[in-house]
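# Structural overview
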Amino acid sequence: MSQRSALRRFDPTADLWGDIDPSLLEGARGEIPVFPVHIFPTEWRQWVQDTAASAGAPADYVGQGLLACVAAVVGAGVIAEVRPGWREPTILWQALVGAPSSGKSPALGAARRLLDPIEADLRAGDDERLLVHQTKVEQARLLSDKWKEECETAFDSGAPPPIKPAEAVFDDHFVPRQIVVSDATIEALVDVVSGSSCGIVLWRDELTAWLCNLSRYSNGSDRPHYLEAWAAASVTVNRKSRSGPLHLPRFPVSIIGTIQPDRLADALEGADDGLAVRFLFSWPDPPPYRSILEQPVARDEEARSRLKRIAGIAGTSEQPRVLQLSAEALAELNTFL
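Okay, the overall build of the chain next. Per the secondary structure count, the chain includes 12 helices and 12 strands. Expressed as a percentage of its 337 residues, the buried residues of the chain come to 37%. For the chain, the share of sequence-separated contacts (at least 6 apart) that also reach a separation of at least 24 residues comes to 70%. With an accessible surface of roughly 19,400 Å², the chain has 55% of that area assigned to carbon and sulfur atoms.

The structure is reproduced here in structure tokens:
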């Protein structure tokens, strides 16, 4: 429901205009909970606060971006065990809500830059992987040609044709390694995830178009796949350009992006399948003014090094690292359940 339609709610029984919902008015949303920046370790807390002050953005946005970075580098490679039988992958869907010039894009940009060296390290092995891929393609071609010749010989002699070797069928595309995707079809995402050990993050500066397309123009065909991605569940996608469907036992895709308040309701319109509630929304108040002369400089190099160390502890989607929640974390979680 848009703000305008909400403000014009009409009560036909009283023949009067309905009361204005003050929570929908700018500056009258009630008290906004303070972002719990204290949950971060000291070094990360300082980086979040300094980056927010430098970007003129709320700490909420920067903190969300940092969490997205962690989800990008560990994904389904780290599993949180809440209790026996309840395990969750590190997959996050996040939406930064705010008006234009509220600091959403600068906050996300600062977090996104932390991932650049990690992606660069991943791509360092792409040349060797490409040579292996090209070798498999050529091997498949030669085996296929040989099999065709053997079939012709068998046909001429009246013998049964030989079975085509499995190695003669190889039509996979080469997919460079990456952990951040800005836009892609489900088929393309499946390809990218197939070359990733832990999963990926769909990182969009603007979520509205993607959400609207998912809700209205894809005929619902993509929504089930994304719902599976949130849980890092299995997925099977029929590919037009390939000989058969591609099945992944794990399809971990995190999502982060921004959206304006007046576009939120329209963007989330669609089937009541729980897609909207999977997002962690953040809509903070603007930060207090701070002179450019007083803005601190965030220590990005140290932050990158810490993020690399976090990436180093992750397992893979097939063999994840399982972390059990501490008693303190369980007590904190219990307050929300």
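The biggest cluster of nonpolar side chains holds 35 residues, and the ones touching the most others in it are Trp210, Tyr226, Phe251, Ile255 and Phe279. With five residues, the top contributor of residues to this core is helix 7 (residues 186-194). Among all residues touching Trp210, those that are not within four sequence positions of it are Leu202, Arg204, Tyr226, Ile255 and Phe279. Counting residues in each nonpolar core, the second largest holds 34 residues, with Val74, Val78, Ile118 and Trp203 among its members.

In the predicted model, the chain carries a mean pLDDT of 83, and the fraction of residues at 70 or more is 87%. Of all secondary-structure elements in the chain, the lowest mean pLDDT belongs to helix 1 (residues 3-7), at 43, while helix 3 (residues 59-74) reaches the highest, 95. Within the model, the stretch residues 1-12 combines pLDDT values under 50 with 20 contacts to residues more than four positions away or in other chains.

A few words on the sheet that holds strand 3 (residues 78-83). Taken in spatial order, the three strands of this open sheet run 4-3-12, and their pairing is mixed. Whereas interior strands pair on both sides, the edge strands pair on one side only; in this sheet they are strand 4 (86-89) and strand 12 (321-324). For this sheet, the mean inter-axis angle between neighbouring strands, taken without regard to orientation, is 30°. Note: strand 3 against strand 12, four bridges, orientation parallel. Residue pairing for strand 12: Glu81 is matched across the bridge by Gln324.

Once that is clear, we can look at the sheet that holds strand 11 (residues 279-282). Taken together, five strands build an open sheet; the order of strands is 6-7-10-5-11 and the sheet is parallel. The open sheet terminates on both sides in strands that have one partner only, identified here as strand 6 (180-181) and strand 11. Bridge count for strand 7 (residues 200-203) against strand 10 (residues 253-259) is four bridges, and the pairing is parallel. The partner of Leu202 across the bridge, within strand 10, is Ile255. Packing against the sheet, helix 3 makes contact with strand 5 (93-97), strand 7, strand 10 and strand 11, and its axis sits at approximately 160° to strand 5.

The rules behind these values
Residues numbered from 1 in each chain as written. Predicted model: local features only at pLDDT ≥ 70, side-chain atom pairs only at ≥ 80, totals over all residues. Heavy atoms only, no water. Helix = DSSP H or I, 4+ residues; strand = E, 2+ residues; numbered from the N terminus. Buried < 20%, exposed > 50% of the residue type's maximum accessible area, 1.4 Å probe, protein only. Contact = heavy atoms within 4.5 Å. Areas by Shrake-Rupley, 256 points an atom, 1.4 Å probe, with all protein chains shown as cover. Core = buried A, V, L, I, M, F, W, Y, C linked by side-chain atoms within 4.5 Å. pLDDT = per-residue confidence, 0-100. Pairing = 2+ DSSP bridges. Axes fitted to C-alpha atoms, helices over the stretch in contact; angles between N-to-C directions.

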